[in-house]
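# Summary of the model geometry
Now for the letters of each chain:
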Amino acid sequence: MASYTICCLPGDGIGPEIIAEAKRVLERVAELEGFSLTMEDHLIGGAAIDACLAAGEPATALPAATLEAARAADAVLLASVGGPAWESDDPAAPRPEQGLLAIRSELGLYLNLRPVKVYAPLRSASALKPELLEGVDLLIVRELTGGLYFGAKERIEDAPGAGEDGACGVWCSDAMEYGEWEVERVLRWAFECASRRPRGRLTSVDKANVLFTSRLWREVAHRLATEWPEVDYEDLYVDNAAMQLVAEPAHFDVICTENTFGDILSDEAAQLTGSLGMLASASLGRGTPLFEPSHGSAPDLAGRDVANPLAQILSAALLLRHGLLEEDAAARIERAVERVLEDGWRTADIADETTPADRVLGTRAMGDKVLEALV
Ligand code: IPM
Ligand code: MG
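All of the points below concern the structure found in this document.

## Overview of the environment of Thr354
Counting through the fold element by element, Thr354 comes out in the loop between strand 13 (346-347) and strand 14 (360-361). On the basis of relative accessible area, Thr354 is assigned to the exposed category, the value being 61%. For Thr354, the side chain forms a polar contact with the side chain of Asp352, separated by 2.6 Å.

Structure (structure tokens):
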């Protein structure tokens, strides 16, 4: 019997509640499919910072033990990090998000896949008109370990400048940096992926009318387009892409873009599905693959049993598909989620005025429904 180890990182906010549901679903699907899973929890984000402080150790959002466990595992299932408890005016204070960025970078996970699927029963939960959502099934391929997130950062407290008295006050800079190889490995993946999809369209998103890094991005994309003539290739400026995504979302198939643009466009695209609570993601690259919902830690919902666990459960499905190559198990989870939605069950974020009050479930009860639907 195949056996796998999953490193689970509950993190902060709603993280522990939603990952608990995903773990129950994974256990059940492993039983049904006949493989064994060892799941171990480790600290990341604010939870890790607090644990360090409680132990009198220097605070870090990614403890060495967590990274070691992640490296040793077959896949990482992460929930979410961050919250007001760790917000600080001190720019040097450790931040929960550093744990997330560090694990992505340490594991070499340069490719982030965010499938945006609109479930028919949720069309009325989207802010967009239902007829615009017909046929929406797109994939955002986001570069994950470069650009503004990882470029040189600087802060000068008393910088000279052109303000009054020749002073500027504080001056900050985040550099957007990309090497050709970084751009190429992501775009190659996106072209290959687009070539295997029924519609075979790839939209590369950049800001080549302004940014040097985007011109490089476009240069590489155009070079690769000649290698995949069967792919219906186009490029769009990011501002236009943001508009088209809500004007004509069904136009898109695969969207490939750099780190920051991908972060922003994926939250926008999540609105097509009805809620950020539906968007799963897979991060792939050199090391252990990592799977996490695209949403944050929603501190306002934490501890109230109201958060939507479906993005986390769908991330577990991506883990089975891309991390463990257990396609049948992944498809089982996706079918179960679909069935639950077809039966009218909702969490508060995906409920609308037509949803009867007794169909609106909490986190745990939604987990129960998915378990029941797993056949
Ligand atoms: C995401 C999140 C993260 C990101 C934050 C929490 C650092 O917004 O995964 O989209 O910006 O990558
Ligand atoms: Mg984001």
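## Thoughts on helix 7 (residues 212-225)
If you check helix 7, its first and last C-alpha atoms are 20 Å apart, about what 14 residues at 1.5 Å a residue would give, namely 20 Å. Turning to helix 7, its buried residues number three or more, namely Thr213, Ser214, Leu216, Trp217, Arg218, Val220, Ala221, Leu224 and Ala225.

## Quick word on empty space enclosed by the protein
Applying the stated criterion across every chain, the model contains one cavity of 30 Å³ or more. Within this model, the largest cavity holds a volume of roughly 40 Å³. What lines the largest cavity is simply Met176, Tyr178, Val205, Asp206, Thr213, Ser214, Trp217, Glu258 and Phe261.

## Observations regarding the site of ligand 1
Residues in contact with ligand 1, as listed here, are Glu97, Leu100, Arg104, Arg114, Arg142, Tyr149, Asp263 and Ser294. Here Arg104 contributes a side-chain N or O atom positioned 2.7 Å from an oxygen atom of ligand 1. Tyr149 is positioned with one of its side-chain polar atoms (N or O) 2.5 Å from an oxygen atom of ligand 1. Split by residue class, the shell around ligand 1 holds two nonpolar, one polar and five charged.

## Considering helix 3 (residues 64-72)
Within helix 3, the full set of buried residues consists of Thr66, Leu67, Ala69 and Ala70. Angular distribution of buried residues about the axis of helix 3 spans 160°; they occupy a single face of the element. Facing away from the buried surface of helix 3 by more than 90 degrees, the exposed residues are Ala64, Ala65, Glu68 and Ala72. Summarising the contacts, the buried residues of helix 3 are in contact with strand 1 (3-11), strand 3 (75-80) and helix 4 (96-106).

## A few points about the pattern of salt bridges
Oppositely charged side chains may form a pair once their charged atoms are brought near each other. Tallied over the full model, the rule gives 27 salt bridges. With its nearest N and O atoms 4.0 Å apart, the salt bridge here joins Lys117 to Glu338. With a gap of 221 residues between them, Lys117 in strand 4 (residues 111-117) and Glu338 in helix 11 (residues 327-342) connect regions that are remote in the sequence. Taking relative accessible area as the criterion, Lys117 reaches 35% and is therefore assigned partly exposed. Residue Glu372 pairs with Lys369 through a salt bridge whose shortest N-O separation is 3.6 Å.

## Here we look at the nonpolar core
Within the largest apolar cluster, 74 residues are counted, with the highest numbers of intra-cluster contacts made by Leu37, Val141, Leu202, Leu310, Leu320, Ile333 and Val337. Looking at which domains feed residues into this core, each of domain 1 (1-117 + 275-375) and domain 2 (127-143 + 179-273) supplies at least three. The residues touching Leu202, leaving out its near neighbours within four places in the chain, are Ala190, Phe191, Ala194, Val231, Asp232, Tyr233, Glu234, Val254 and Cys256. Grouped together as the second largest cluster of nonpolar side chains are 20 residues, Ala241, Phe261, Ala269 and Leu279 included.

Criteria and cut-off values
- Residues numbered from 1 in each chain as written.
- Chains lettered and ligands numbered in written order.
- Predicted model: local features only at pLDDT ≥ 70, side-chain atom pairs only at ≥ 80, totals over all residues.
- Heavy atoms only, no water.
- Helix = DSSP H or I, 4+ residues; strand = E, 2+ residues; numbered from the N terminus.
- Buried < 20%, exposed > 50% of the residue type's maximum accessible area, 1.4 Å probe, protein only.
- Polar contact = N/O pair within 3.5 Å; in protein donor to acceptor, adjacent residues only side chain to side chain.
- Expected span 1.5 Å × (residues − 1).
- 1 Å grid on protein atoms, 1.4 Å probe; cavity = no way out; pocket = protein on both sides within 12 Å on 5 of 7 lines; lining within 4 Å.
- Points joined across faces, edges and corners; volume = space filled by probe spheres on them.
- Near = heavy atom within 4 Å.
- Nonpolar A, V, L, I, M, F, W, Y, C, P; charged D, E, K, R; others polar.
- Arc of directions from axis to C-beta.
- Contact = heavy atoms within 4.5 Å.
- Salt bridge = Lys/Arg side-chain N within 4 Å of Asp/Glu carboxyl O.
- Core = buried A, V, L, I, M, F, W, Y, C linked by side-chain atoms within 4.5 Å.
- Domains from an automatic or database assignment.

By themselves these figures say nothing about function.
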